[in-house]
Amino acid sequence: MSLDAYIAGLPKAELHLHIEGSLEPEQMFEFAQRNRVSIPFDSVEAVRAAYDFSNLQDFLDIYYAGAEVLRTEQDFHDLALAYFRRAAADNVRHAEIFFDPQTHTDRGLPFSVAADGLLAGMKTAEAELGVSSKLILCFLRHLDEAAAIDTLHAAEPWLDRIAGVGLDSSEVGHPPSKFRHVFERAGQMGLKRVAHAGEEGPPAYVWEALDVLRIDRMDHGNRSMEDPRLIERLADERMTLTVCPLSNLKL
Ligand SMILES: [Zn+2]
C-alpha cells in the first residue's frame, strides 16, 4: 500500500479548523448571490489566488471578506455541512471546530444565527456522515476584553452545546494576558480553554497562555521552539499542540 493511501485511510480527528475559513470560493459566490451581497472578487479564480497568502494579516483580510457573505442560519448550516463532507472524504471521524461569533455580531447578526446554523450543520453531519463534532467559541484578540466578555454573556443560552473557548485573529500586540478575566470566567463556567499562541507571537505569549489563561490545549505554538525551557514545560505537562501544517509553513 502506498503511504498516501495509508494516510488517506486512517481514521482522523481534526482539532484545528476555523469553520468560517473553510468557505470555498464557489460557496462564497453562491452565498453572495443568494444573499445579494457584493464581494471584492470578480471570479472564483481571483478568490483562490487571494488564498495564496504569505502572512497572517493577508490571510485574515480574505477570511473577513469571505465571512461577509454569511447571513442566515441556512448559510452557516451549509458551510458546516460542506466542511464535514470534505472532512469525511479524508476519513475524519471527529472534529472540534472553531467559530468567531464577533465576526458576525459586529456586522449586525444575532449570536443565534451563527450558533444555531453551525449546530444544525453539525447535527446533520453526525446523522448523514457519522462524523461527531464539538464547537469552540473563539474570541477575536484584536478586539478588547470587554467585547469578549459580552460575547461570553451572549453565548450563555448555548453553553450546554459549546465545548470551550478559544482565542484567535491577529496575534502580535495582543498577548493572552489581555484576556485573563474572560478566560477565568469561562473556566468557572466549566468550559475547556484553548488559545492560539506562538503562531506569530513570541514564546512569552505561550508562557502566558499556560500561566495566565490556564489552557487545556494550545493552537500552533510553533515559536515555543525558540525557548528550550518552554519546550520542557510543554513536554512535562503533556500539552497538546494543534499544529496547522499549511499555515505553520506559510507563516
Ligand atoms: Zn487557527
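Here the structure is a predicted model, which is why all the values come from computation and not from measurement.

Calculation notes
- Residues numbered from 1 in each chain as written.
- Predicted model: local features only at pLDDT ≥ 70, side-chain atom pairs only at ≥ 80, totals over all residues.
- Heavy atoms only, no water.
- Helix = DSSP H or I, 4+ residues; strand = E, 2+ residues; numbered from the N terminus.
- Buried < 20%, exposed > 50% of the residue type's maximum accessible area, 1.4 Å probe, protein only.
- Patch = residues over 30% accessible without salt bridge, like charges linked within 9 Å, V, L, I, M, F, W, Y side chains within 5 Å.
- Areas by Shrake-Rupley, 256 points an atom, 1.4 Å probe, with all protein chains shown as cover.
- Salt bridge = Lys/Arg side-chain N within 4 Å of Asp/Glu carboxyl O.
- Core = buried A, V, L, I, M, F, W, Y, C linked by side-chain atoms within 4.5 Å.
- Contact = heavy atoms within 4.5 Å.
- Axes fitted to C-alpha atoms, helices over the stretch in contact; angles between N-to-C directions.
- Parallel < 35°, antiparallel > 145°, perpendicular 65-115°, else oblique.
- Expected span 1.5 Å × (residues − 1).
- Phe/Tyr/Trp six-rings, centres within 6.5 Å; stacked < 30°, edge-to-face > 60°.
- Pairing = 2+ DSSP bridges.
- Arc of directions from axis to C-beta.
- Polar contact = N/O pair within 3.5 Å; in protein donor to acceptor, adjacent residues only side chain to side chain.
- Right-handed = clockwise from strand over helix to strand, strands pointing away.

## Quick look at unusual backbone geometry
The backbone phi angle of Arg 36 is positive, close to 55°, even though this residue is not glycine. By secondary structure assignment, the location of Arg 36 is in the loop between helix H2 (25–34) and helix H3 (44–50). One non-glycine residue with positive phi stands out, namely Ser 169, at about 85°. Examined against the element boundaries, Ser 169 turns out to sit in the loop between strand S4 (164–168) and helix H9 (180–188). Judged by relative accessible area, which is 7%, Ser 169 ranks as buried.

## Quick notes on a nonpolar patch on the surface
Together, Met 1, Leu 3, Tyr 6, Ile 7 and Leu 10 line one region of the surface with nonpolar side chains, adding up to about 570 Å² of accessible area. If you trace the backbone, Leu 10 turns up in the loop between helix H1 (3–9) and strand S1 (12–18).

## Describing the nonpolar core
In this structure, Ile 19, Val 69, Phe 84, Ile 97, Phe 139 and Ile 162 are the most contacted members of the largest nonpolar core, which totals 69 residues. Ignoring sequence-local partners within four residues, the contact set of Val 69 consists of Leu 23, Met 28, Phe 31, Ala 32, Asn 35, Val 37, Ile 39 and Asp 75.

## Side note on the packing of helix H8 (residues 145–154) against H9
For the pair H8 and H9, the least separation of the axes is 8 Å and the interaxial angle reads 20°. It follows from the interaxial angle that H8 and H9 lie roughly parallel. Contacts between H8 and H9 involve Glu 145, Ala 148, Ile 149 and Leu 152 on the former and, on the latter, Arg 180, His 181, Val 182, Arg 185 and Ala 186.

## Points about helix H4 (residues 56–67)
The periodicity of an α-helix, 3.6 residues per turn, causes residues three or four positions apart to be oriented the same way. Relative to the 16 Å expected for 12 residues at 1.5 Å per residue, H4 spans 16 Å between its end C-alpha atoms, a close match to the ideal helical length. By the burial criterion, the buried members of H4 are Leu 56, Phe 59, Leu 60, Ile 62, Tyr 63, Ala 65, Gly 66 and Ala 67. For H4, the elements touching its buried residues are S1, H2, H3 and helix H6 (101–105).

## A look at the environment of Asp 52
Among the structural elements, Asp 52 can be located in the loop between H3 and H4. Spatially, the C-alpha atoms of Asp 52 and Arg 107 are 26 Å apart, while their sequence positions differ by 55 residues.

## Focus on the packing of aromatic side chains
The final tally for this structure, using the stated rule, is six aromatic pairs. Each ring, one from Phe 59 and one from Tyr 63, has its centre 5.8 Å from the other, and the planes form 35°; the classification is tilted. Remark: Tyr 63 and Phe 59 occur in helix H4; sequence separation between them is four residues, near one turn of the helix. Measuring from ring centre to ring centre gives 5.0 Å for Phe 111 and Trp 158, while their planes differ by 55°; the resulting arrangement is tilted. One end of the pair, Phe 111, is in helix H7 (residues 111–129); the other, Trp 158, is in the loop between H8 and S4, with 47 residues separating them in the sequence.

## A word on the sheet that holds strand S5 (residues 192–197)
If you trace the seven strands from one edge of the open sheet to the other, you get S1-S2-S3-S4-S5-S6-S7, paired in parallel fashion. The open sheet has two free edges, formed respectively by S1 and strand S7 (241–242), since each of these has just one partner strand. Summarising the sheet, S1 and strand S2 (residues 92–99) pair through five bridges and their orientation is parallel. Bridge pairing in S2 links Leu 17 to Ile 97.

## Description of H8
Those residues of H8 lying buried are Glu 145, Ala 148, Thr 151 and Leu 152. End-on, the buried residues of H8 take up no more than an arc of 110°, which puts them together on one face. Facing away from the buried surface of H8 by more than 90 degrees, the exposed residues are Asp 150 and His 153. Looking at the buried positions of H8, the neighbouring elements they touch are H6, H7, strand S3 (132–140), S4 and H9. Where H8 begins, one side-chain oxygen reaches toward the backbone nitrogen of Ala 146, 3.4 Å away; that side chain belongs to Asp 144.

## Overview of the pairing of S4
Counting buried residues along S4, five of its five residues qualify, which places the element largely inside the surrounding structure. The sheet contact formed by S3 and S4 spans five bridges and is parallel. Residue pairing across strands places Leu 137 opposite Val 165, the latter belonging to S4. Once the chain exits S3 it traverses H8 before rejoining the sheet at S4, and the crossover so formed is right-handed. Judged from the two bridges that link them, S4 and S5 form a sheet pairing that is parallel. Along S5, the bridge assignment pairs Gly 164 with Lys 192. As for the winding sense of the linkage, the β-α-β connection from S4 through H9 to S5 is right-handed.

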